[in-house]
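# Residue-level structure breakdown
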Amino acid sequence: MTLQLPILGDGRGGAVRDAVHDVVENFPNAFPPVRTEVPQPDRPGDLKRIMGFFTDTTLCIGCKACEVACKQWNQLPSDGLDFTGYSYDNTKHLGATTWRHVAFKEQIAADGEGQSRWLMMSDVCKHCEEAPCQHSCPTGSIVYNEFGDVYVQNDICNGCGYCVAACPFGVLGRAEEKHDDGHAHKCTLCMDRQAADMTPACAKVCPTSSIQFGPIEDLRAHARQRVRDLQQRGNERAYLYGCDSVGDYGPLNAFFLLEDHPNEYNLPVSPPQPFRGQKTRYAVSIAMGAALAGAAAWLFGKEGGRRRG
Amino acid sequence: VAKDKKDVPYEAGWTENLRHRPDPNRVTSLQTDMTGRFEPRPMGEVIPPTPATAYARPGLASPEARRHDPQSTPAEPSYYDVPMLKQPVWKWQIATYFYLGGLSAGAYILSRVAERAGGRRYEDLTRVGSYVAMAGLIPSPPLLIWDLGDPKRFHHMLRVWKPSSPMNFGTWSIVAYSGMATFEVVRQYLSARGKRIGAKERNALLKVMNNGVLLAAHDAAGIPFALMVAGYTGVLLSCTSNPLWCKNAWLGPLFSASAVSTGAEAISLALDVTTRGEPRTESASHVVLRNVDTLAHAAEMACMAGFMKSAGQKAKTLREGRMSGHHRFAKTAIVTSEILKWLPVSRRYRKPVRMVASALGLAAGFSTRWSMVFGGHEAAADPHTSRLVSRPKEGAAVSGQAGRTAPAARDQWQPADVRMSAPGTVAT
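Procedures and definitions
- Residues numbered from 1 in each chain as written.
- Chains lettered and ligands numbered in written order.
- Predicted model: local features only at pLDDT ≥ 70, side-chain atom pairs only at ≥ 80, totals over all residues.
- Heavy atoms only, no water.
- Helix = DSSP H or I, 4+ residues; strand = E, 2+ residues; numbered from the N terminus.
- Buried < 20%, exposed > 50% of the residue type's maximum accessible area, 1.4 Å probe, protein only.
- Contact = heavy atoms within 4.5 Å.
- Areas by Shrake-Rupley, 256 points an atom, 1.4 Å probe, with all protein chains shown as cover.
- Pairing = 2+ DSSP bridges.
- Axes fitted to C-alpha atoms, helices over the stretch in contact; angles between N-to-C directions.
- Expected span 1.5 Å × (residues − 1).
- Bend = angle between axes of the 7 residues up to and from the residue.
- Polar contact = N/O pair within 3.5 Å; in protein donor to acceptor, adjacent residues only side chain to side chain.
- Phe/Tyr/Trp six-rings, centres within 6.5 Å; stacked < 30°, edge-to-face > 60°.
- Lys NZ or Arg CZ within 6 Å of the ring centre and 35° of its normal.
- Salt bridge = Lys/Arg side-chain N within 4 Å of Asp/Glu carboxyl O.
- pLDDT = per-residue confidence, 0-100.
- Parallel < 35°, antiparallel > 145°, perpendicular 65-115°, else oblique.
- Left-handed = near helix turned anticlockwise from the far one by under 90°.
- Nonpolar A, V, L, I, M, F, W, Y, C, P; charged D, E, K, R; others polar.
- Core = buried A, V, L, I, M, F, W, Y, C linked by side-chain atoms within 4.5 Å.
- Patch = residues over 30% accessible without salt bridge, like charges linked within 9 Å, V, L, I, M, F, W, Y side chains within 5 Å.

### Some thoughts on the overall build of chain B
Assigned secondary structure in chain B consists of 14 helices and 0 strands. Sequence-ordered secondary structure for chain B, helices as α and strands as β, is α-α-α-α-α-α-α-α-α-α-α-α-α-α. Burial analysis of chain B (428 residues in total) assigns 50% to the buried set. Partitioning the intrachain contacts of chain B with sequence separation of at least 6 by distance along the chain shows that 72% fall at a separation of at least 24. Roughly 20,000 Å² of accessible area belongs to chain B as shown, and the carbon and sulfur atoms make up 61% of that amount.

### Looking at the pairing of strand β2 (residues 100-107) of chain A
All names here are of chain A. Burial of β2 is extensive: 8 of the 8 residues sit out of reach of the surface. In this sheet, strand β3 (residues 117-124) lies alongside β2 in antiparallel orientation, the contact comprising 8 bridges. Following the sheet pairing, E106 is matched in β3 by W118.

### Here's the deal with the sheet that holds strand β8 (residues 211-215) of chain A
Residue and element names in this part refer to chain A. Spatially, β8-β1-β10-β9 is the arrangement adopted by the 4 strands of the open sheet, whose pairing is mixed. Every interior strand has two partners, whereas the edge strands, β8 and β9 (239-241), have only one. Adjacent strand axes in the sheet meet at a mean angle of 25 degrees when their direction is disregarded. Across 4 bridges, strand β1 (residues 51-56) lies against strand β10 (residues 254-258) in parallel orientation. The residue of β10 that forms the bridge with F54 is F255.

### Overview of helix α8 (residues 212-238) of chain B
All names here are of chain B. When the terminal C-alpha atoms of α8 are compared, their 39 Å separation across 27 residues agrees well with the 39 Å that a helix rising 1.5 Å per residue should span. When the local axis directions of α8 are compared, the greatest deviation, roughly 35 degrees, occurs at G231. Its side-chain oxygen 2.9 Å from the backbone nitrogen of V213, N211 forms the N-cap of α8.

### Brief notes about the packing of aromatic side chains
Scanning the entire structure with this criterion turns up 21 aromatic pairs over all chains. Cluster of aromatic residues (ring-pair linked, three or more members): Y162 and F275 of chain A together with W90 and W245 of chain B. Looking at R369 of chain B, its charged tip hangs above the ring of F255 of chain B, at a distance of 4.8 Å from the centre.

### With respect to the pattern of salt bridges
By the definition in use, this model includes 28 salt bridges over all chains. As a salt-bridge pair, K71 of chain A and D79 of chain A come within 3.0 Å of each other at their nearest N and O atoms. Across the pair D272 of chain B and R354 of chain B runs a salt bridge, and its minimum N-O distance is 2.7 Å. With D272 of chain B in helix α9 (residues 251-274) and R354 of chain B in helix α13 (residues 347-381), this residue pair connects regions lying 82 residues apart in the sequence. The residues D272 of chain B and R354 of chain B share a single accessibility class, namely buried. If you follow the salt bridges from partner to partner, you end up with R112, E115, R116, E184, R187 and D219 of chain B in one network.

### Focus: the confidence of the model for chain A
Overall, the prediction assigns chain A a mean pLDDT of 84, with 82% of residues at 70 or greater. Within the model, pLDDT remains below 50 along residues 1-11 of chain A, and this stretch shows 15 contacts once partners closer than five positions in the same chain are excluded.

### Thoughts on the packing of α8 of chain B against α9 of chain B
All names here are of chain B. At a closest axis distance of 7 Å, the pairing of α8 and α9 adopts a crossing angle of 150 degrees. With respect to α9, the element α8 is oriented roughly antiparallel. Here the hand of the crossing between α8 and α9 comes out right-handed. Contacts between α8 and α9 pair A230, G231, T233, G234, V235, L237 and S238 from the former with L251, G252, F255, S256 and A259 from the latter. Residue composition of the contact of α8 with α9, by class: 6 nonpolar, 6 polar and no charged.

### Description of the environment of A69 of chain A
Residue and element names in this part refer to chain A. Structurally, the position occupied by A69 is in helix α2 (residues 65-74). Expressed as a C-alpha distance, the spacing of A69 and G182, which sit 113 residues apart in the sequence, is 24 Å. Apart from the residues lying within four places of it in its own chain, the contact partners of A69 are A201 and V205.

### Notes on the environment of Q153 of chain A
Residue and element names in this part refer to chain A. With respect to the element layout, Q153 can be found in the loop between β5 (150-152) and α4 (162-166). Between the alpha carbons of Q153 and A254 there is a distance of 20 Å; along the sequence they are 101 residues apart. Polar side-chain contacts of Q153 include one of 3.3 Å to the backbone oxygen of G140.

### Some points on the nonpolar core
Judged by nonpolar contacts, the single largest core of 136 residues is most densely connected at F53, F169, Y241 and F300 of chain A together with W90 and Y177 of chain B. If one sorts the elements of this core by residue count, helix α3 (residues 92-118) of chain B sits on top with 14 residues. Ignoring any residue separated from it by four or fewer positions in sequence, one finds F300 of chain A in contact with L110, V113, A114, A117, G118, Y122, L125 and V288 of chain B. Membership of the second largest hydrophobic core comes to 11 residues, among which are F54, V227, C243 and F255 of chain A.

### Some words on the packing of helix α4 (residues 123-137) of chain B against α9 of chain B
Residue and element names in this part refer to chain B. Running from N to C, α4 and α9 point in directions that differ by 110 degrees, and their axes come no closer than 9 Å. Classified by the angle between their axes, α4 and α9 sit roughly perpendicular to one another. Of the two possible hands of crossing, α4 and α9 adopt the one that is right-handed. From α4, D124, L125, V128, G129 and V132 reach across to α9, where they touch A266, I267, A270 and L271. Residue classes in the contact of α4 with α9 are distributed as 7 nonpolar, 1 polar and 1 charged.

### What to know about the environment of I223 of chain B
All names here are of chain B. Within the element layout of this structure, I223 appears in helix α8. Judged by relative accessible area, which is 17%, I223 ranks as buried. I223 sits 114 residues away from I109 along the chain, and the two C-alpha atoms are 5.9 Å apart. Dropping the residues within four chain positions of it, I223 is found in contact with Y108, R112 and V113.

### Brief notes about a nonpolar patch on the surface
A cluster of nonpolar side chains, namely V335, I339 and L343 of chain B, defines an oily patch on the protein surface of about 250 Å² accessible area. On the secondary structure map, V335 of chain B appears in helix α12 (residues 324-342).

### Let's talk about unusual backbone geometry
Even without a glycine there, the phi angle at C190 of chain A is positive, about 45 degrees. For C190 of chain A, the position within the fold is in the loop between β7 (184-185) and α5 (191-195). For C190 of chain A, a relative accessible area of 6% corresponds to the buried category. Its identity is not glycine, yet D81 of chain B carries a phi of approximately 55 degrees, on the positive side. Inspection of the secondary structure assignment puts D81 of chain B in the loop between α2 (63-68) and α3.

Here's what the structure looks like:
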């Protein structure tokens, strides 16, 4: 955000204004960052719309084209060949070098009753509207970019690993292999492709439109309609995960249409928002130290007085 | 449609380095056109589920069958029991830093408070306390930098002022605190040397440093900064989604109390090591340190109990898991050191017993930090525990769902539990 100070007028004032502005804005920073212009919604020519993913798991066929396209476009290394025995899923989870992950859940009906089935879901960073990773980042590396998505700036990240512990979905990873840079990495929602007016690689290759990309309001409206359609056709278990909110957690900009309990897809039922109540915890913590320091002061004073007298 | 057809514009300057790549975007025929495609269907009659479309819930396999069949349905919904959360990347360096940083801040606080409240009577405590604070502080930045994924970028923490991030806040606190601790240690050193060589009055620097107004300002800033350094680490851990730490308000006070107790023990031990013999009556410094230590230990035990109670099942690793040994040792060592400290022993054994008690207390503080940091690793790696952190409390109302309570088991779960789209409630 560009800071506009009312006392400095509306942009006139030239060098003095710039100097004052610089000091005021950069005052607390020992090493002021090089400022980049942040797009403003009311400025003509700037992007206004928040872009996101809608992943419809009822359409997913488990082809893993999204995983491959993601790896190719973002030049991510292979995960190695590691057979897990978990159906066709040999990737297991998202991480520093896996930004799309196709989950395969085989559900075998017991006693021959009903229908066995496969749940497939292409998992991705949720690009939370209120993202704990962005909140936790001590370097200001994790930001919301001009498309409203959570983005790790890799020229800033110093690999402290706070975001890895903060993410309630277990998305972020720190690249810790021998020749890795040691930074945190995650889905960028193909910010480079979006900047060039292109669809993210995974949504582009998805052969069944299970991964859909677009302005978040349009996606939400479409997703609601899709759930209604599915329910009309008899799939009463279809529901949206993260379209509005997940329990007490805010909406996700990459949300899902699911058919079973979220934990079946390794998604949390009600993800915690760990920064809620942070100030109270600070207050309690410092109050404990202050109380003990006060007690120590009293003891020092009492003992000193007694011994002296 | 038109924007998909046109060439890649490469408008942004930083896309320069992408130009050498071939365009991987070859599958345009597969991409469906989004615009105007999603017209709402007219609401028709809801078709009841038929056996062909309805999915029958699989029965729960017996424990025996489950053991041999990785694809059998486990008792609770899960994705093959792959842990949902990532393990923290913080290792022994961070556990050690939490310990040393807290110890340093605790010793600094006690040393300053002793001079403020007790005056010259506690001169030895004040001086040794400032040295202990410095000794704890010096290894801290290297440990923190060592743990970074990209150590040469450690200064990026100081690139912004972002107090909403406990790590950024803590880094700035340490920077400020280290300035205060350095000031104090220089003052104490000059003061001790000046006394020995008898040239105190000539030392202009010492004169400036001993200025009453400056000292008052120094304490007014330094003690709060030390309190922040002692207390922010617990808040940092509580601001994560890790099952063991997440939103646990007891962690901060636990670390604060542990900082004060380890600070007192370190000063006591340092005083014992640097003095020869034991006077007839126990020195005033030792008497007060013992009282402060007992208070801090009581607070620590209370916070530990509160932590275990509020963490509940999520603290499984501390109760019966791999960190239970450290946890038990911490509690036992605190109790033992208290017993030893208050034991009425003859003058001959007073000093060694006190030293053993201090060492036990220091070890307990270290085990506390170690079990908390590595307990976080265990909790995130355990599939059941990693699901617990995101499970609504049993019987608690699900947010936004009047009259609904959180589901206890898989069979009671309904899609509406994640606040969406029971038929008829869909918003368009």
